[in-house]
Amino acid sequence: MAEENPQFKSFLTCSVCTEIFKDPVSLGCHHSFCYRCLQDFWAQAENKNCPVCKRKSSNDAIVNFSIKELADSYAGRQRSAPSDEAQVVCTEHLKDIKWFCKDEQRAVCHVCEFPHHQGHRVVPLEEQVQELKQQLRPDLKALQDRRRRHQELEETYEAMVPHLKGQRVKTERRIRKEFEQLHRFLREEEGARVVALGEEEEQKRKRILLERKTLQEQIKSLSESLSAVEADLQKDGLSFLSASTRSRTSARALLSGSDPQLLPGALLDEAKHLGNLAHRVWEKMGQRTTFSPVILDPNTATRGLSLSDDLTSVRRMNVIQKVPNNPERFTEYAEVLGSEGFSSGEHCWEVEVGDFPIWRIGVAKESVERKEEHTLSPANGIWCLFYTSGKYTQGTSKTLTLKRNPERIRVQLDYDGGKVSFYDPEGMSLIYIYQHTFTENIFPYFSVGEAGEARTKDVRVCGVSSRTLD
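Residues numbered from 1 in each chain as written. Predicted model: local features only at pLDDT ≥ 70, side-chain atom pairs only at ≥ 80, totals over all residues. Heavy atoms only, no water.

Trainee: Could you give an account of the overall build of the protein chain, naming the residues involved and the relevant values?
Mentor: When you go through the protein chain residue by residue, the secondary structure sums to eight helices and 19 strands. Buried positions account for 44% of the 470 residues belonging to the protein chain. The long-range share in the protein chain, meaning contacts at least 24 apart out of those at least 6 apart in sequence, stands at 64%. If you sum the accessible surface of the protein chain, you get close to 25,900 Å²; carbon and sulfur atoms cover 47% of it. (Helix = DSSP H or I, 4+ residues; strand = E, 2+ residues; numbered from the N terminus. Buried < 20%, exposed > 50% of the residue type's maximum accessible area, 1.4 Å probe, protein only. Contact = heavy atoms within 4.5 Å. Areas by Shrake-Rupley, 256 points an atom, 1.4 Å probe, with all protein chains shown as cover.)

Trainee: Talk me through the sheet that holds strand 6 (residues 122-124); I want residue IDs and the actual numbers.
Mentor: Strands pair in a sheet through their backbones, by hydrogen bonds, and they do so in one of two ways: parallel or antiparallel. Taken together, the three strands give an open sheet; going across it, the order is 5-4-6, and neighbouring strands pair in antiparallel fashion. A single partner strand is all that each edge strand has here, and the edge strands are strand 5 (106-108) and strand 6. When the angles between neighbouring strand axes are averaged without regard to direction, this sheet yields 40 degrees. Both strand 4 (residues 99-101) and strand 5 contribute to a ladder of three bridges, which runs antiparallel. The residue bridging Cys-101 from the neighbouring strand is Arg-106, located in strand 5. (Pairing = 2+ DSSP bridges. Axes fitted to C-alpha atoms, helices over the stretch in contact; angles between N-to-C directions.)

Trainee: Give me the lowdown on the packing of helix 4 (residues 125-179) against helix 5 (residues 187-233), citing residues and values where you can.
Mentor: How two helices pack is summed up by the angle between their axes together with the distance between the axes. As a packed pair, helix 4 and helix 5 sit with axes 9 Å apart at the nearest point and diverge in direction by 165 degrees. Between helix 4 and helix 5, the interaxial angle falls into the category roughly antiparallel. Note that helix 4 runs across helix 5; the crossing there is left-handed. Among the residues making up the contact of helix 4 with helix 5, the classes are represented as 20 nonpolar, nine polar and 19 charged. (Parallel < 35°, antiparallel > 145°, perpendicular 65-115°, else oblique. Left-handed = near helix turned anticlockwise from the far one by under 90°. Nonpolar A, V, L, I, M, F, W, Y, C, P; charged D, E, K, R; others polar.)

Trainee: Could you give me a rundown of the pairing of strand 16 (residues 419-424), with the residues and numbers involved?
Mentor: Counted residue by residue, strand 16 has five buried out of six residues, so it is predominantly covered. When strand 15 (residues 408-414) meets strand 16, the two strands line up antiparallel, connected through five bridges. Looking at strand 16, one finds that Arg-410 is bridged to Tyr-423. Counted between consecutive antiparallel strands, the loop separating strand 15 from strand 16 contains four residues, among which Gly-418 sits at a positive phi close to 70 degrees. Bridge count between strand 16 and strand 17 (residues 429-435): six bridges; the pairing is antiparallel.

Trainee: So, helix 4: which residues are in play, and what are the values?
Mentor: The end-to-end C-alpha distance of helix 4 is 80 Å, a good match for the 81 Å that 55 residues give at a rise of 1.5 Å each. If you look at helix 4, its biggest bend is around 25 degrees, right at Val-161, and the proline Pro-162 turns up within four residues after that. (Expected span 1.5 Å × (residues − 1). Bend = angle between axes of the 7 residues up to and from the residue.)

Trainee: Which residues make up helix 3 (residues 65-75), and what values go with them?
Mentor: Turning to helix 3, its buried residues number three or more, namely Phe-65, Ile-67, Lys-68, Ala-71, Asp-72 and Tyr-74. Where helix 3 begins, the capping side chain belongs to Asn-64, and its oxygen is found 3.1 Å from the backbone nitrogen of Ile-67. At the C-terminal side of helix 3, Gly-76 shows a positive phi close to 70 degrees. (Polar contact = N/O pair within 3.5 Å; in protein donor to acceptor, adjacent residues only side chain to side chain.)

Trainee: Got a sec to walk through the side chain of Ser-377? Specific residues and values, please.
Mentor: With respect to the helices and strands, Ser-377 occurs in the loop between strand 11 (358-365) and strand 12 (382-388). Those residues in contact with Ser-377 that lie beyond four places of it in its chain are Ile-382 and Gly-395.

Trainee: Got a sec to walk through a negative patch on the surface? Specific residues and values, please.
Mentor: On the surface, Glu-332, Glu-369, Glu-372 and Glu-373 cluster together into a patch of negative charge. By the element assignment, Glu-372 lies in the loop between strand 11 and strand 12. (Patch = residues over 30% accessible without salt bridge, like charges linked within 9 Å, V, L, I, M, F, W, Y side chains within 5 Å. Salt bridge = Lys/Arg side-chain N within 4 Å of Asp/Glu carboxyl O. Lys, Arg positive; Asp, Glu negative; His and termini not counted. Charge placed at Lys NZ, Arg CZ, Asp CG, Glu CD.)

Trainee: Could you give an account of the sheet that holds strand 2 (residues 32-34), naming the residues involved and the relevant values?
Mentor: Reading across the sheet, the three strands line up as 2-1-3 and stay open at both edges, with antiparallel pairing between neighbours. Lying at the two open borders of the sheet, with one neighbouring strand each, are strand 2 and strand 3 (62-63). Looking at chain direction, strand 1 (residues 24-26) and strand 3 are connected through two bridges and run antiparallel. When the sheet's bridge partners are listed, Ser-26 is paired in strand 3 with Ile-62.

Trainee: An account of the environment of Ile-320 is needed here, citing residue identities and associated values.
Mentor: You can see Ile-320 is positioned in the loop between strand 8 (313-316) and strand 9 (335-337). Since its relative accessible area comes to 54%, Ile-320 is described here as exposed. Separated by 14 residues in the primary sequence, Ile-320 and Ser-306 have C-alpha atoms spaced 9.6 Å apart. What Ile-320 contacts, discounting residues up to four positions off in sequence, is Arg-303 and Gly-304.

Trainee: Would you mind going over the nonpolar core in detail, with residue names and values included?
Mentor: Formed by 59 residues in total, the largest nonpolar core has its most connected members in Trp-349, Trp-359, Val-420 and Phe-446. Residues in contact with Phe-446, not counting those within four places in the same chain, are Val-294, Leu-296, Ala-334, Glu-335, Val-336, Trp-349, Val-351, Arg-360, Ile-361 and Val-461. Formed by 24 residues, the second largest nonpolar core is a distinct cluster that contains Phe-33, Ala-61, Trp-99 and Val-122. (Core = buried A, V, L, I, M, F, W, Y, C linked by side-chain atoms within 4.5 Å.)

Trainee: Residue-level account of unusual backbone geometry, with values.
Mentor: Leaving glycine aside, a negative phi is the common case for residues, and trans is the common case for peptide bonds. Phi at Thr-18 is positive, roughly 60 degrees, even though this residue is not glycine. Here Thr-18 shows up in the loop between helix 1 (6-11) and strand 1. For Thr-18, a relative accessible area of 56% corresponds to the exposed category. Here Lys-54, not a glycine, exhibits a phi torsion of approximately 65 degrees, which is positive. Within the fold, Lys-54 resides in the loop between helix 2 (35-45) and strand 3. The class for Lys-54 is exposed, based on a relative accessible area of 51%.

Trainee: Give me the packing of helix 4 against helix 6 (residues 237-255): which residues, what numbers.
Mentor: Look at helix 4 against helix 6: their axes get within 10 Å of each other, and the N-to-C directions meet at 25 degrees. Judged by the angle between their axes, helix 4 and helix 6 are roughly parallel. In this structure, the crossing between helix 4 and helix 6 has a hand that is left-handed. Residues Leu-125, Gln-128, Val-129, Leu-132, Lys-133, Gln-135, Leu-136, Asp-139, Ala-142, Leu-143 and Arg-146 of helix 4 form the contact with helix 6, whose participating residues are Gly-237, Leu-238, Phe-240, Leu-241, Ser-244, Ser-247, Arg-248, Ala-251, Arg-252, Leu-254 and Leu-255.

Next up, the structure:
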């Protein structure tokens, strides 16, 4: 019967696709088109003119439910058969829900349009579903990134456990070597220190394992949330609408916290167990021994540096050590800090440099950059003396003139007076002095290049000579 009425068919035909209307919408000029055809035409034309009369549309197209009902009836369209996803119908009108009212934020059937949704922004349900899916995808990506960061951190903790054990073994061996030089009655002291070392390892191992377990639980939660979001993204229609809010709330709850950070102080405090060990033990016996005012901290040393067993000297290596990238460690340059920082008072130490060709010695603030590139300057919290190829400079590359090349450099920190001074201990001639108001802990700082053909193969911290400063 429909084919016998070509004028009626023409009334129900989209002038863009020349097919019977599907989801028809009307413009202000009263021309109607399939919703998708109009959107595609506008996208291609890069304007919102009517495809027929070329009149510019000032408003979005309005869903024309009257024409839709006629077009569906003419084409003999029926409701889709039930599929794996539940078919949802309007409980009031028993009509398929294929539309979504943006103003009221709810799905509606075409009968619901009259009279409650006239003038509202009503779009096809599938369009709203795709829009919400698009909004959820960034959350999915953020969850994936968060899980990856958790996994990377968990892997770092996993690598820390054997390193922690290696630290314990190495430190115990050094402790025992020191104690071999002492008399038999000192064995009790040796045993007590080994026990303390083991207790610290056990305490920190438990701490790492606890943090790792927490990370594993967080990773599990993130994975479950990811699975839920991915499952919801496979849904369509109202099933997705009902699940999307829950998924977004769950995902954003997991994303609300800050990223996990690697725990500082997770490694053994080797300096505590080894620093001035022999001196402190012999002091109990009324004996005198060599004392170093600065102990190097191996947990801060770049992977290409090697420290002596007593942690008082440093040299460059031709191999890169496998050590955890803990927060305290420098990673960009060959740098290491002393184990003890200063927040007041006057402190002094000497560094034996011999004929070592490249070195930087001085002090650095505790918050100095350790993971990224930085210049060795006061602006970046480093106050040091430079020596390269026979030339002395300071932090702003100003060349310094010395009467001779000293084999020792004395570093003197006056924290309260805001001064870092460098001297040639032979004759106590001043090399250079920095002035600055310190506001945080200040640590001894060392950086060395390759020894090459030099006689001196490492830079060593020494006790201060008996000479008195003028």
